[in-house]
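Structural features, examined
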Amino acid sequence: MRYYPPDPQRLKEEAARHWLYLQIRSDLLNGDLDASDEAAAELAAYAAQAEQGDYGNIKDQEYDQLKLVPRQVPKEWIEEVKTCHRQLVQLSRQESEQRFLWRARKLEKYGEQRFRLQPLGGSAKEGEAILSAKGLEIRLGNPEDGQVSVLAFQLLPKWNFMTIQWFSKFSFFYLSS
């Protein structure tokens, strides 16, 4: 179970903020959360400050070994991380993590849990289910073909699942994460 508060700054417990930081950092590393190169560099600088301390504490070759994004990154990106990190001198671990969370919540896919839908047979299309605080969205088809069907359910927390009778045409799918 994952938790994505709309405003991580309002978490009162330091331990809860730290666990959220670790969760989002893991999401970035696993590719579950995408960030532009600019946003990724900023997040990487906050992570470096939180985990390694001030800029002078890290040797140049250690920046290459810091795992901050799942993909291979060019040298220019590492230079951008260093530049951002230089500006964070004297920032504590807690403040660095708070700024990381503040920046991460602005990412487009923050708070979304995605599941791939695979057909079990027949003429069914592949797709994905996106679960977030906004609701559940099911996308069927391939976006590259331009034929995507979208089925959206909003405000899921207000549904009473005990009284709903489910008649689903999606019984030929199974979720895989």
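So, here is what we can say about the structure in this document. (Residues numbered from 1 in each chain as written. Predicted model: local features only at pLDDT ≥ 70, side-chain atom pairs only at ≥ 80, totals over all residues. Heavy atoms only, no water.)

Counting residues in hydrophobic clusters, the biggest one holds 27 residues, and the most contacted among them are I24, L28, A35, L43, W77, F100 and L107. Elements represented by at least two residues in this core include exactly α1 (14-30), α2 (37-52), α4 (75-86) and α5 (93-104). Element by element, the count of residues in this core is highest for α2, at 9 residues. (Core = buried A, V, L, I, M, F, W, Y, C linked by side-chain atoms within 4.5 Å. Buried < 20%, exposed > 50% of the residue type's maximum accessible area, 1.4 Å probe, protein only. Helix = DSSP H or I, 4+ residues; strand = E, 2+ residues; numbered from the N terminus.)

As a further point, take the pairing of strand β2 (residues 127-132). Sheet topology note: the strand β1 (residues 113-119)/β2 ladder contains 5 bridges and is antiparallel. Bridge pairing links F115 to A129 in β2. Relative to strand β3 (residues 135-142), β2 is paired through 6 bridges, and the arrangement is antiparallel. Residue pairing in the sheet places E128 in a bridge with R139 of β3. Counting the residues in the hairpin turn of β2 and β3 gives 2 residues. (Pairing = 2+ DSSP bridges.)

Applying the stated criterion to the full structure yields 10 salt bridges. A salt bridge links K82 to E79, with the shortest nitrogen-to-oxygen separation between them at 3.4 Å. A residue pair is termed a helical-turn pair when its members lie 3 or 4 positions apart in one helix, as K82 and E79 do in helix α4 at 3 residues. K82 gets classed as buried once you look at its relative accessible area, which sits at 6%. In this structure E79 comes out as partly exposed when scored by relative accessible area, which is 40%. Look at the salt bridges and you will find they share partners, linking E112, R114 and E128 into a network. (Salt bridge = Lys/Arg side-chain N within 4 Å of Asp/Glu carboxyl O.)

With a phi close to 70 degrees, Q90 is a non-glycine residue in the positive phi region. Judged by its relative accessible area of 68%, Q90 falls in the exposed class.

Across all of its chains, the model carries 2 aromatic pairs by this definition. Taking the centre distance of 5.5 Å and the plane angle of 85 degrees together, the rings of Y4 and Y110 count as edge-to-face. Taken as a pair, Y4 in the segment before α1 and Y110 in the loop between α5 and β1 lie far apart in primary sequence, 106 residues in all. Look at Y4 and you get buried, because its relative accessible area is 15%. Aromatic pair Y21 and F100: ring centres 4.8 Å apart, planes at 75 degrees, arrangement edge-to-face. Of the two residues, Y21 sits in helix α1 while F100 sits in helix α5, which places them 79 residues apart along the sequence. (Phe/Tyr/Trp six-rings, centres within 6.5 Å; stacked < 30°, edge-to-face > 60°.)

Any functional reading would require information beyond the geometric quantities listed.
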